[in-house]
Amino acid sequence: MKLYNSVTRTKDEFVPIDPKEVKMYTCGPTVYHFAHIGNLRSYIMEDVLEKYLRYVGYPVKRVMNITDVGHLSSDADTGEDKMLKGAKREKKTVMEIAKFYTDAFFADCEKLNIKIPDVVEPATGCIDEFIKVIEGLIEKGYAYEAGGNIYFDTSKLSQYYVFNNFAEEDLQDGVREGVEKDDNKRNKADFVLWFTKSKFDDQELKWDSPWGVGYPGWHIECSCISMKHLGEYLDIHCGGIDNAFPHHTNEIAQSEAYVGHKWCNFWFHVLHLNTTSGKMSKSKGEFLTVSLLESKGYLPVVYRFFCLLSHYRKSLVFSYENLDNAKVTYEKLVARIAKLDKNGEVDGAKFDELKKLFTEAMDNDINTSLAITALYDVLKSDANDATKRALIADFDKVLSLDLLENAEKFGKQDEACAEDDELSARVNEAIAKRAQAKKEKNFAEADRIRDELKEMGIVLVDTAQGTTWKKI
Ligand code: AMP
Ligand code: ZN
């Protein structure tokens, strides 16, 4: 299986460090607001990666943090804590906000068939681990105290910019746009591991530490939570592309400085979902959530399908027109599946032959759009219906599009509609005959028709505008 690795910038053969357990870490949500569908694109594609690893037979242990402290409004070390901002906005405590939006996040995940990682760890539950690692970094000479805060010293590294070829000038001008100058830093790229002095005295959550009462920086959270549950070697680290710098760059810097060797082999970055007017935002324009899509009549799984139609390494533009196209395609696909006969025996040789199309697509850097093409190839093939259904069930272990379930559901709805249509046609025909009989003063025949319908559970209601009917 080939997987694009943001560090090497090539598609590399995926070889786990220990095939008995693939270790996977995912940057979790900052729980100060609902997740927008852009955030959820990242989690959907990471879910597909995890499920595919399991599908090909690897046992996977996946860990995710919940960022409930330390993520400032600039990904660098300035601005207000996002959690505090959320708490002020809703006049609640930070922990109330964290609980509410963590639950909301997992409710969205459930709707989108995103599996919950094996371990989910809120940052506020790991303060001791953060302190231990920061102490270790100070001891090894990688961290220093200045102005009350503890900083990571990037000048101690032989290489800092692992994902991008940033120059110092870029850093100053563009990369960290909006960053205020922090005179405590020895080098521009240095970042905070522990805050005791922040501009925000009303920081709600604070803990005692060897350097005074304060709170952790965002980057140290992910390194520590990963190491706590997955040890010193990590197979795959996931996140949206915006996290590559500075968050993941800083995670690598501090983790490798701490453990003294290479930490993570593969970096899996999902490109952004944008709107037609640009970046997806929680504050500007329509706040695009799964619930909003549902309120507009879209099944959440249609959004998942929309995401899978594109490769995760291409940015994707969201518009209702694009989503409508995905909806129509999904419904047609499900309607075709509904027509497959449920009886018969699976042809093993055919199954293996067609399954290959799917694994070839997925082995090529999780190419979900080609994997969906493989699904259509199955439907078009000369395989019998039982084999087709078995393949669809098999692919859907990874795609999680509820294909057979919805085929069943929609099929039943179609049958119910067809039955209703048939009944209406019969009743309307009987009403017309009764009207004719009345016109011909054949009241016995008119009454016979009325009684016949009554036996079928239909009552006729004569009104000035004509005869209507209802079921009893
Ligand atoms: P946050 O809740 O801001 O910490 O972000 C949660 C996840 O969503 C991270 O992996 C981000 O990199 C990712 N993310 C943020 N914006 C987008 C977007 N527009 N499209 C895809 N992923 C995103
Ligand atoms: Zn992270």
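Before reading on, note that the structure itself is shown above.
Our subject in this report is the structure included herewith.

About the cut-offs
- Residues numbered from 1 in each chain as written.
- Chains lettered and ligands numbered in written order.
- Predicted model: local features only at pLDDT ≥ 70, side-chain atom pairs only at ≥ 80, totals over all residues.
- Heavy atoms only, no water.
- Near = heavy atom within 4 Å.
- Polar contact = N/O pair within 3.5 Å; in protein donor to acceptor, adjacent residues only side chain to side chain.
- Areas by Shrake-Rupley, 256 points an atom, 1.4 Å probe, with all protein chains shown as cover.
- Helix = DSSP H or I, 4+ residues; strand = E, 2+ residues; numbered from the N terminus.
- Nonpolar A, V, L, I, M, F, W, Y, C, P; charged D, E, K, R; others polar.
- Core = buried A, V, L, I, M, F, W, Y, C linked by side-chain atoms within 4.5 Å.
- Buried < 20%, exposed > 50% of the residue type's maximum accessible area, 1.4 Å probe, protein only.
- Contact = heavy atoms within 4.5 Å.
- Pairing = 2+ DSSP bridges.
- Axes fitted to C-alpha atoms, helices over the stretch in contact; angles between N-to-C directions.

Some words on the site of ligand 1
Link 1 in the chain: In the vicinity of ligand 1 lie 17 residues, with Thr30, Gly38, Ser42, Asp242 and Leu273 positioned nearest.
Link 2 in the chain: Here Asn39 contributes a side-chain N or O atom positioned 3.1 Å from an oxygen atom of ligand 1.
Link 3 in the chain: Computed on the free molecule, ligand 1 has an accessible area of 490 Å², of which 94% lies beneath the protein chains in the complex.
Link 4 in the chain: Where the shell around ligand 1 is concerned, the elements lending two or more residues are helix H1 (37-55) and strand S10 (234-240).
Link 5 in the chain: In terms of residue count, the dominant contributor to the shell around ligand 1 is H1 (four residues).
Link 6 in the chain: Of the residues in the shell around ligand 1, the class split is five nonpolar, eleven polar and one charged.

A closer look at the nonpolar core
Link 1 in the chain: Residues Leu3, Leu49, Ile236, Tyr303 and Phe358 are the most contacted members of the largest nonpolar core, which totals 137 residues.
Link 2 in the chain: For this core, the leading source of residues is H1, giving ten residues.
Link 3 in the chain: Beyond its immediate stretch of four places on either side in the chain, Phe358 contacts Tyr52, Tyr55, Ala371, Ala374, Phe395, Val398 and Leu399.
Link 4 in the chain: Judged by nonpolar contacts, the second largest core, of seven residues, contains Val427, Ala430, Ile431 and Ile449.

With respect to the sheet that holds strand S9 (residues 215-216)
Link 1 in the chain: With antiparallel pairing, the four strands of this open sheet are ordered in space as S6-S7-S8-S9. At either end of the open sheet lies a strand with only one pairing partner, and these are strand S6 (143-146) and S9.
Link 2 in the chain: Where S6 lies against strand S7 (residues 149-152), four bridges are found, and the strand directions are antiparallel. Each residue of the ladder has a partner; that of Glu145, found in S7, is Ile150.
Link 3 in the chain: Set on the sheet, helix H4 (residues 127-139) makes contact with S6, S7, strand S8 (191-195) and S9; between it and S8 the angle comes to about 125°.

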